[in-house]
Amino acid sequence: MVRRRALVTAAAMRPGEAGEIVAVEAPDPDSSRRLFAVGLVPGVRLTLVQRFPAYVVKAGETTVALDREMAESIWVALGKGC
Amino acid sequence: MERRFKVAIVGCPNVGKSVLFGHLTGRYTAVSNYPGTTVEIARGTGRWDGLTFEVVDTPGLYSLSCVTEEEKAARALLMSEPVDWLVHVVDGKNLDRMLPLTFQLVEAGFPVLVVVNMLDEVQAAGLEVDLGALSECLGLPVVGAVLTRGVGVPEIKAFLGRAARSVGRPGLPRRGPAGPEQPCGRVGGPLRPAYDRRTERAVAVLTTLLGAHAPHGRRLSRRALALLCLQEDPDTLDILRSERLDRWPEMARVVRESNRGPHPVRHRIPLALHHLAREMASACVRRVSDPRPTAGQVLGDLLMRPVVGLPVLAGVVYFGLYRFVGRFGAGTLVDALDRVLFLGLVNPWLDRTVDRLFASEVWRELLAHEYGVLTLGLRYAVAIVLPIVGTFFLMFSLLEDSGYLPRLALLADRVLKPLGLSGRALIPLTLGLGCGTMATLVTRTLETRRERVLATFVLALGVPCSAQLGVMMGVLSGRPGALGVWALCVAGALVAAGSAAAGLLPGRAAPFFTEVPPLRLPHPRNVWRKTAARMAWYFREVLPVFLAASVLIWLGRMAGFLPVVLAGLAAVCVRLGLPKETAVVYLFGFLRRDYGAAGLYDLAPALSTPSLVVASVTLTLFVPCLAQTVLMYRERGPVAATAILAAALGAALGSGYVLGRILPLVWGGAPW
């Protein structure tokens, strides 16, 4: 399992994969703030639900839909805490 | 006069704020725009315990360091209006990401009542919230609720009643009176989050620099203002820059230095709040059983999958928007009101009455007859706009309250991205097939100004309204080749001009991002109240537009400049290779789109097929009708509206010219 514990962006995850958010680096500060505001902050466990037509992630009881650009700004350590 | 106790309901989107608002206020509510924005604010009054309360329902607010226009409006309201108590509604399932706002509200110095809502969904998720412990941790009064079923409402009212009676009495803690059913612990007041040393030092310097009192008219504490500054919140920085000139350079330096390096303070502050919130949530929320997904959650997840979601989306657009709003609202209801009521009864009576009262033709024409303020302006607003607005807002409120809108947006996002639009724009664009004026109003539901301008442009340029579409089909259906070329040209021009505009307009497309709440059964009373309040508001906005449009037409006829305009248009038509009679079609197409298209119907037999295609393409792309134009000016401002008109005119004439050259060469005017 090469992908285990690898560091990837949410955009590179496969549906059903989960991991812990380690960093949020959106291209502009506003986007980072919005991700923080819905609870996508470092330390939170994130699951990718689907990739098409938009990326959908779940963290806790929250579901969030994102486009590729936003998904690429969330860095996840795969499999952590499994 | 007795001063009313003012309560503001705050919280994230989709946590049940408007449901609580409905419970607290009476029948009368007013929806209005927050000044300078297109964000709706609902206000109402409520009476209980022998007291009168003023209740404000603020737009969705995730955090005081705002991003969206709705958040900015909510914060501006908190900054400028005197509010006696805030009711912070939170989703019990997501306490960890709701509490940061609670902390910020406390930091800002507001008295807060926390309402932990959706306890039913909490239970379904297999969780349990210890409200007593939460109140203890926060040092704030906490009430548990299932607002959709009215659970918790009596406790909220009772608490606000006691709070209202305690106003002005000395010796009562700011966080309000404790009662036996409201555990309210924490001696020493509400919890104030502490930050790391570097942040706290910067906050201390900034609060000192802010001086003895907060800037004029701002109701946030100095600590909250300092924290917003450190997070480089643009609006707060602007306020301070303009109000504290002498100390501004020093403050700017502190903000700049705090945000230097790999761990800037603007990241540490929200992270510290979130970590504190997670700790508190894990102390107060327990897992008691395995989650049982509700039907709404299962269905909600399915609707995001293209296989299930796209057919449902098509169904919602077809039945909800096209059949219900477009055919029933804009067709059946409009017909009944317009033909039967106005044209059959009201207008003939108005014509007779006005003729009896006024001898002068000038006044008669202003008030009644074909283009009168009453017979055209008022009739349009009442008979045409009201049914469409009503049916649309009924549908929109249903979709909004059921939690479907974010799903629609995520499914449509990719398709609309090339036009610089997000998935949400699907709603106004579909409505544009019904009535462009209405659709232009509805672009208000889009999030950024850039997106609203682009959607307005696409609507003005090439989305044919139902009246136009009907006649185009009628005119062109006899010549299938022509119909095909027309559809291709309009679609091509739309995509080309739309993406060109998206490329030219400054700023970039806002990245798409939306929270997807679970599907919920909309509350009929809530849906109805929203629909009624919005109908009343939109009607007030649209009536003056239609009245102004008919006065403009009257002026044009009286001053006699219509013939001049006609002559100019005729010259353009001849350049396009069209008979000069088509000028009349264009002019009427501007005054009333359907009239214009109907004029084309009469003209069609005399035109060769290429000419007919040129005429119908240019007429479709041509500037929108007068009412839509007036509305564009009012909604988007003169600069954007003029640019949109110029672009639409250019696109219409340009493609007409090119087609007029190419088509006869290719087909030689032969019958297709």
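As the structure is a computational prediction, the values presented were derived from the model and not from experiment.

It is not clear to me how the overall build of chain B should be interpreted in this structure. Could you clarify?
Each helix and strand counted, chain B has 27 helices and ten strands in total. Taken over C-alpha atoms, the radius of gyration comes to 29 Å for chain B, in line with the 26 Å a tight globule of 672 residues would show. If one aligns the C-alpha atoms of chain B with their principal axes, the spans along those axes are about 90 × 60 × 60 Å. For chain B, buried positions account for 49% of its 672 residues. Considering only contacts within chain B whose residues lie at least 6 apart along the sequence, 73% involve residues at least 24 apart.

Teacher, can you tell me more about the overall build of chain A here?
Tallying secondary structure elements over chain A gives two helices and six strands in all. Ordered by position in the sequence, the α and β elements of chain A form the string β-β-α-β-β-β-α-β. By the compact-globule yardstick of 12 Å for 82 residues, chain A fits well, its C-alpha radius of gyration being 11 Å. Dimensions of chain A, computed from the C-alpha atoms along their principal axes, are close to 35 × 25 × 25 Å.

Could you clarify how one ought to interpret the packing of helix α19 (residues 449-462) of chain B against helix α21 (residues 480-504) of chain B in this entry?
Each pair of packed helices gets described by two things: the angle between the helix axes and the distance between those axes. Residues and elements named next belong to chain B. Orientation of α19 relative to α21, taken along the N-to-C sense of each, is 155°, at an axis distance of 10 Å. One element, α19, and the other, α21, form an angle in the roughly antiparallel class. α21 is crossed by α19, and the crossing has right-handed handedness. In contact with L454, F457, V458, L461 and G462 of α19, α21 contributes V490, A493, L494, A497, G498, A501 and A502. Along the lines of polarity and charge, the residues of the contact of α19 with α21 split into ten nonpolar, two polar and no charged.

Looking at this model, I keep getting lost on the sheet that holds strand β3 (residues 45-50) of chain A. Mind explaining?
Two modes of strand pairing occur in sheets, parallel and antiparallel, and in both the strands are linked by backbone hydrogen bonds. In space, the seven strands of this open sheet follow the order β1(A)-β6(A)-β2(A)-β3(A)-β4(A)-β5(A)-β10(B), with antiparallel pairing throughout. With one partner strand each, in any of the chains shown, β1 (7-9) of chain A together with β10 (513-515) of chain B form the two edges of the open sheet. Looking at each pair of strands side by side, their axes are set apart by 35° on average, direction ignored. Relative to the sheet, helix α16 (residues 405-416) of chain B contacts β5 (62-66) of chain A together with β10 of chain B, its axis offset from that of β10 of chain B by approximately 150°.

I tried to follow the interface of chain A and chain B on my own but got confused; where do I start?
Note on interface size: it is often stated as the accessible area lost on association of the parts. With 25 residues of chain A at the interface, the matching set in chain B holds 28 residues. For the side of chain A that touches chain B, the secondary structure elements donating two or more residues are α1 (29-37), β5 and α2 (68-71) of chain A. The leading source of residues in the side of chain A that touches chain B is α1 of chain A, at seven residues. For the side of chain A that touches chain B, a count of residues per class yields 13 nonpolar, six polar and six charged. Pairing of β5 of chain A with β10 of chain B involves three bridges; the strand directions are antiparallel. Paired with V64 of chain A across the strands is E515 of chain B, a residue of β10 of chain B.

I keep staring at the domain arrangement of chain B and nothing clicks. Help me out?
All names here are of chain B. Along its sequence, chain B is carved into domain 1 (5-166), domain 2 (197-287) and domain 3 (302-467 + 512-555). In this structure, domain 1 and domain 3 have C-alpha centres spaced 31 Å apart. Every contact between the two is made by 14 residues of domain 1 and, on the other side, twelve residues of domain 3. Only α1 (17-24) and β2 (29-33) provide two or more residues apiece to the side of domain 1 that touches domain 3.

What should I look at first to understand α1 of chain A in this one?
An α-helical turn contains 3.6 residues, so any two residues separated by three or four positions project in the same direction. Across the nine residues of α1 of chain A, seven count as buried, placing the element largely inside the fold. Regarding α1 of chain A, the residues found buried are S31, S32, R33, R34, L35, F36 and A37 of chain A. Lining the buried residues of α1 of chain A we find β2 (18-24), α2 and β6 (74-78) of chain A together with α11 (265-284) and β10 of chain B.

Even after reading the chapter, I still don't get helix α9 (residues 234-243) of chain B, so can you show me in this structure?
Residues and elements named next belong to chain B. Residues T236, I239 and L240 constitute the buried set of α9. An end-on view of α9 places all buried positions within 90° of arc, on one side of the element. Opposite its buried face, α9 presents the exposed residues D238 and S242, each directed more than 90 degrees away. Residues of α9 that are buried make contact with α8 (222-230) and α10 (248-258).

Sorry if this is basic, but what is going on with unusual backbone geometry here?
Working note: non-glycine residues mostly have negative phi, and peptide bonds are mostly trans. Cis peptide bonds are those with omega within 30 degrees of zero, and the linkage from F52 of chain A to P53 of chain A qualifies with 0°. For D49 of chain B, which is not a glycine, the phi torsion comes out positive at approximately 50°. Inspection of the secondary structure puts D49 of chain B in the loop between β3 (40-48) and β4 (51-57). The exposure class assigned to D49 of chain B is partly exposed, which follows from the 13 C-beta atoms found within 10 Å. In the Ramachandran plot, E232 of chain B falls in the positive-phi region, its phi being about 55° despite a non-glycine side chain. Checked against the element boundaries, E232 of chain B lands in the loop between α8 and α9. You can call E232 of chain B partly exposed: it has 17 C-beta atoms within 10 Å.

Rules used in this analysis
Residues numbered from 1 in each chain as written. Chains lettered and ligands numbered in written order. Predicted model: local features only at pLDDT ≥ 70, side-chain atom pairs only at ≥ 80, totals over all residues. Helix = DSSP H or I, 4+ residues; strand = E, 2+ residues; numbered from the N terminus. Rg over C-alpha atoms; globule rule 2.2 N^0.38 Å. Buried ≥ 20, exposed ≤ 12 C-beta atoms within 10 Å, placed from the backbone. Contact = placed C-beta atoms within 7 Å. Axes fitted to C-alpha atoms, helices over the stretch in contact; angles between N-to-C directions. Parallel < 35°, antiparallel > 145°, perpendicular 65-115°, else oblique. Left-handed = near helix turned anticlockwise from the far one by under 90°. Nonpolar A, V, L, I, M, F, W, Y, C, P; charged D, E, K, R; others polar. Pairing = 2+ DSSP bridges. Domains from an automatic or database assignment. Arc of directions from axis to C-beta.

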